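Reading the structure
The chain contents come next:
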Amino acid sequence: MKQRRDTLLALAFLAPAALLLTGVVFYPILQTFYASVCEVDRKGSPGAFGTLKNFHDLAASDVFTREIIPQTLVWTAVVVVGTMLISMFVALALNEHLPGRRLLRAIVLLPWATSLVITAAIYTWMLHPTQGPVNGLLRAWHITDTPPAWLARPELAFASVIAVGIWVSIPFTSTVLLAGLQAIPDDLYEAALIDGASAWQRFRAITLPLLRPVLLVAVVLNVIYVFNSFPIIWVMTEGGPANQTHIIVTWMYKIAIREREFGQGYAMAVITFAFLLVFAVVYSWLFGREEVDRL
Amino acid sequence: MTRWTIATLVALLVLLVAGCPQQQPTETIGGGPEAPATGGDRTEVRFLAMEYDTNTRPFMQKVEQQFEQANPDVDVNIEVIDWNAGFQKLSTLIAADNAPDLANIATIWLPELADLDVVQPLDDFVSEEMRERFIPMTLEGAQYQGHLYGLPIAVSARALYCNADLLAQAGKEPPANWDELVEVARACNNPDEGIYGFGMQGAKVETDVYWYYFLWANGGRILNDDHTRAVFNSPEGVEALQFCVDLIHRYQVTEPDPTAYDREGLQELFKSGRLAMMITGPWFWGMLKEDVPDLNYKLAPIPAHTDQVTMAVTDNLIMFESCENKDAAWKFIEFFYDPELRLEWAETFGMLPELKEVAESDYITGSEQWSLFMSLLPTGRFVPLHPRWTTIAEEIKLGVQEAQLQTSTPQKALDAAAERVNRILAQAGGEAE
């Protein structure tokens with residue numbers, strides 16, 4: 001009897017959140033899935049159901065298959081790997097007993113509080129070919145007298161947006177990793193020290209394995225965020241020059257919102273979703289074993 | 001817990017995170033003045049007004065008040081909305097059968113809306129007498145498939161802005177044609193000091209337009225008459241693009257790496273006094289006056305080659321088919337084209353007048369800048385009115401950028417772009433049938 005009451009109570013508590021999620025998350029997702037297999041008009045409303053035209057149109061687009069998809073994969077891989085490596089160093093450093101550690105932690109978190117659009121606009125200005133401080137410093141320190149126009153050439157522009165992508169991902173990632181580090185009991189390290197383990201051995205044998213669940217979450221979340229990240233690229237380059245910095249989500253905006261090919265937009269949203277889902281499941285399958293044993 | 005449970009949990013996590021609404025790139029600014037409680041039998045007219053700048057809202061509020069004072073039986077509701085969000089909002093309203101009665105739209109949206117049969121042709125509303133009051137070419141922007149679909153509300157053209165001090169130092173006058181452009185740009189160019197002869201746009205929206213200035217000046221055209229084929233890769237087009245590429249790479253008189261500069265980027269460069277010449281619109285002199293009042297500048301027509309041209313843009317005030325009180329809505333339109341009001345509009349927003357009476361006013365004829373732009377207007381060309389214009393422009397922009405980056409020759413880049421555009425045209429033609 002009591003158990004039944006508890007269940008009812010639990011359901012009552014869950015209901016508002018469930019309703020909200022259904023309305024603002026699940027419904028739009030299902031609607032997108034539905035519209036992607038419909039004929040879609042130029043107003044974006046789905047018409048006749050049951051066609052793969054939208055996906056065919058996408059597959060027939062050379063730009064999408066030969067440029068946008070590879071660029072998206074490079075963007076995601078480089079930004080996530082770069083972010084994880086740098087954030088690891090930052091987290092390890094902040095976990096040490098440094099003077100002013102609290103202040104440093106706050107500073108690392110600060111960029112997170114800034115809107116991505118503003119960050120991207122500031123970087124656009126910093127990278128300005130003639131008036132930007134980046135090239136100003138390069139000239140002032142005599143590193144080069146003819147610094148490049150960062151956003152003008154496809155390769156440099158792509159490298160630039162990737163660097164900014166890494167920069168904005170560090171606060172979140174290093175905070176998550178730091179929390180993971182703090183959860184590792186100190187006595188493990190003390191025991192290892194007594195056994196004469198080197199810093200690298202301690203990192204390999206204690207830190208990494210115990211950090212694994214946190215690393216898993218950090219990688220999965222970062223891949224999702226970065227894969228879907230719109231503002232940085234759109235503000236800095238709008239996908240240019242010559243489409244060379246577009247990723248799926250900016251291409252989706254260009255195709256669906258600007259050019260109002262909503263059908264292809266829906267198809268891209270579904271592809272993105274499917275990719276991320278498969279990635280997350282496979283990744284957690286491969287690397288989630290350790291804590292399966294522990295749970 | 002099994003591996004499957006973990007995998008499912010992670011999958012759910014993805015569902016949640018990936019489903020969260022992304023940051024919107026643009027934001028609707030406010031919702032406009034609230035509608036006063038509609039008393040009794042006043043007929044309502046809803047006007048969705050795209051915002052030109054911060055003056056739009058107060059201006060529209062004033063118009064609303066004045067009109068309602070003169071017409072107490074009509075209740076006008078003007079909602080001011082940001083341009084970028086405008087088309088989306090309009091599309092949503094149309095899809096929900098809740099279109100406003102009036103809206104000011106970009107001319108490039110017109111074919112698309114007209115094809116949806118939601119725009120009211122105004123042929124029967126505009127009297128011969130009223131038509132006479134407009135400068136004829138300004139009405140062309142709303143002429144689509146034999147009907148007049150709207151009235152011009154924000155006319156503009158483009159001209160060559162010259163930094164007068166830089167030109168004077170070099171002992172030059174504004175160039176009239178391509179040869180002189182090269183000569184003047186060379187004389188003013190001083191890359192060591194960070195000063196460049198001519199600004200070339202290569203990034204973001206309207207990169208293609210910057211090339212049309214040269215295409216049109218060389219007698220070229222973008223599409224053929226019935227919009228079934230791309231003709232911009234004609235010898236005239238290739239020569240025009242080659243000239244742009246030469247300005248960058250052969251004569252080296254532009255800022256280096258134009259693909260880093262959008263229109264705003266060029267305007268900033270001009271404002272900082274480091275650009276001798278660039279092509280842009282009438283809004284720019286207002287910015288110059290406000291931001292760098294000490295900068296001496298001169299206006300000139302866009303340098304000609306075989307033809308003297310400029311680009312004309314007219315946003316249009318349209319009425320929707322679904323409007324229930326067309327007479328009331330029309331009454332408002334007539335009120336809106338009051339010469340005094342339109343002069344105030346021109347002064348407030350820096351738009352060129354579309355009414356002859358306003359164009360002949362002392363305010364316009366007494367100003368050098370206004371007169372120059374008005375004199376250019378008859379040479380104005382419109383971009384083709386095609387429902388897929390945005391997509392077409394993106395393809396052309398890609399070709400222009402490839403040539404600027406020298407990853408392709410002008411001929412190859414334009415041929416490839418023409419092929420892509422032809423595919424879009426064929427597709428659109430097929431749909432129309």
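Everything numeric here is computed off the predicted structure, so don't read it as measured data.

What to know about the pairing of strand 2 (residues 74-82) of chain B
All names here are of chain B. Here strand 1 (residues 43-51) runs beside strand 2; their pairing, made up of nine bridges, is parallel. By the bridge assignment, R46 is partnered in strand 2 with N77. In this fold, the crossover linking strand 1 to strand 2 by way of helix 2 (residues 56-70) has right-handed handedness.

Brief notes about the pairing of strand 10 (residues 297-300) of chain B
Residue and element names in this part refer to chain B. Residues Y297 and L299 point to one face of strand 10 and are all buried, whereas K298 and A300, pointing to the other face, are not buried. The pairing of strand 7 (residues 159-163) with strand 10 spans four bridges and is classified as antiparallel. Across the sheet, C162 pairs through a bridge with K298, a residue of strand 10.

Comments concerning the sheet that holds strand 9 (residues 275-280) of chain B
Residue and element names in this part refer to chain B. Taken together, the four strands give an open sheet; going across it, the order is 8-9-7-10, and neighbouring strands pair in mixed fashion. The sheet is open, and its two edges are formed by strand 8 (196-198) and strand 10, each paired on a single side. Averaged over neighbouring strand pairs, the angle between their axes works out to 25° when direction is ignored. Where strand 8 meets strand 9, two bridges bridge the pair, whose relative direction is parallel. When the bridges of strand 9 are listed, F198 appears paired with M277.

So, the domain arrangement of chain B
Residue and element names in this part refer to chain B. For chain B, the assigned domains are domain 1 (43-156 + 313-381) and domain 2 (159-311 + 388-432). A separation of 29 Å is found between the C-alpha centroids of domain 1 and domain 2. Contacts between domain 1 and domain 2 engage twelve residues on the former and 15 residues on the latter. Of all elements in the fold, only helix 16 (368-376) and strand 13 (380-381) reach the threshold of two or more residues within the side of domain 1 that touches domain 2. It is helix 16 that contributes the most residues to the side of domain 1 that touches domain 2, four residues altogether.

Some points on the sheet that holds strand 2 of chain B
Residues and elements named next belong to chain B. Taken in spatial order, the five strands of this open sheet run 2-1-3-12-6, and their pairing is mixed. Each of the sheet's edge strands pairs with one partner strand only, and the pair in question is strand 2 and strand 6 (151-156). Strand-to-strand twist across the sheet, computed as the mean angle between neighbouring axes with direction ignored, equals 15°. Against the sheet, helix 3 (residues 83-95) makes contact with strand 1, strand 2 and strand 3 (102-105), and its axis sits at roughly 120° relative to strand 2, the strand it touches most.

Looking at the packing of helix 2 (residues 53-60) of chain A against helix 12 (residues 262-287) of chain A
All names here are of chain A. Look at helix 2 against helix 12: their axes get within 8 Å of each other, and the N-to-C directions meet at 85°. Viewed along their axes, helix 2 and helix 12 adopt a mutual orientation that is roughly perpendicular. Contact with helix 2, carried on its side by K53, N54, F55, D57 and L58, involves G263, Q264, Y266, A267 and M268 of helix 12 and no other residues of that element. By residue class, the composition of the contact of helix 2 with helix 12 is five nonpolar, three polar and two charged.

What to know about the packing of helix 7 (residues 154-182) of chain A against helix 9 (residues 199-227) of chain A
All names here are of chain A. At a closest axis distance of 10 Å, the pairing of helix 7 and helix 9 adopts a crossing angle of 160°. The pairing of helix 7 with helix 9 is recorded here as roughly antiparallel in orientation. Classified by chirality, the crossing of helix 9 by helix 7 is right-handed. Residue-level inspection shows G165, S169, T173, V176, L177, G180 and L181 of helix 7 in contact with helix 9, the latter providing L211, V214, V217, A218, N222 and V226. Residues that form the contact of helix 7 with helix 9 fall into these classes: eight nonpolar, five polar and no charged.

Thoughts on unusual backbone geometry
Phi is mostly negative for residues that are not glycine, and the peptide bonds are mostly trans. Omega for the bond connecting A:G240 with A:P241 falls within 30 degrees of zero, at -10°, which places this linkage in the cis form. Considering the arrangement of structural elements, one finds A:P241 in the loop between helix 10 (231-236) and helix 11 (248-258). The backbone phi angle of B:E206 is positive, close to 75°, even though this residue is not glycine. Tracing the chain through its elements places B:E206 in the loop between strand 8 and helix 8 (207-217). On the basis of neighbour count, B:E206 is assigned to the partly exposed category, with 16 C-beta atoms found within 10 Å.

Section: the confidence of the model for chain B
Residues and elements named next belong to chain B. Per-chain confidence: chain B averages 89 in pLDDT, with 90% of residues scoring 70 or above. Per-residue pLDDT stays below 50 along residues 19-39; that stretch engages in 28 contacts with residues further than four places along the chain or on separate chains. On the interface metric, ipTM, the complex scores 0.82, and its pTM is 0.84.

Some remarks on the environment of B:I318
All names here are of chain B. Note that I318 resides in strand 12 (residues 313-319). Residue I318 is classed as buried on the basis of its 27 C-beta neighbours within 10 Å. Measuring from C-alpha to C-alpha, the distance between I318 and D101 comes to 8.4 Å, with 217 residues separating the pair along the chain. If sequence neighbours within four positions are ignored, I318 has contacts with A103, I105, V119, Y149 and G150.

With respect to the nonpolar core
Grouped burial of nonpolar side chains is what soluble globular proteins tend to show. Counting residues in each nonpolar core, the largest one holds 185 residues, and the members touching the most others are B:Y161, B:C244 and B:A276. In terms of residue count, helix 7 of chain A provides more of this core than any other element does, ten residues in total. Two domains each put at least three residues into this core: domain 1 (43-156 + 313-381) and domain 2 (159-311 + 388-432) of chain B. Residues in contact with B:Y161, not counting those within four places in the same chain, are B:F270, B:M277, B:M278, B:T280, B:F284, B:Y297 and B:L299.

Some words on helix 3 (residues 62-95) of chain A
Over its 34 residues, helix 3 of chain A runs 48 Å from end to end, which matches the ideal 50 Å to within 8%, given 1.5 Å per residue. Along helix 3 of chain A, the sharpest kink reaches roughly 30°, centred on A:I68 and followed within four residues by the proline A:P70.

Conventions we followed
Residues numbered from 1 in each chain as written. Chains lettered and ligands numbered in written order. Predicted model: local features only at pLDDT ≥ 70, side-chain atom pairs only at ≥ 80, totals over all residues. Pairing = 2+ DSSP bridges. Helix = DSSP H or I, 4+ residues; strand = E, 2+ residues; numbered from the N terminus. Right-handed = clockwise from strand over helix to strand, strands pointing away. Buried ≥ 20, exposed ≤ 12 C-beta atoms within 10 Å, placed from the backbone. Axes fitted to C-alpha atoms, helices over the stretch in contact; angles between N-to-C directions. Domains from an automatic or database assignment. Contact = placed C-beta atoms within 7 Å. Parallel < 35°, antiparallel > 145°, perpendicular 65-115°, else oblique. Nonpolar A, V, L, I, M, F, W, Y, C, P; charged D, E, K, R; others polar. Left-handed = near helix turned anticlockwise from the far one by under 90°. pLDDT = per-residue confidence, 0-100. Core = buried A, V, L, I, M, F, W, Y, C linked by C-beta atoms within 7 Å. Expected span 1.5 Å × (residues − 1). Bend = angle between axes of the 7 residues up to and from the residue.

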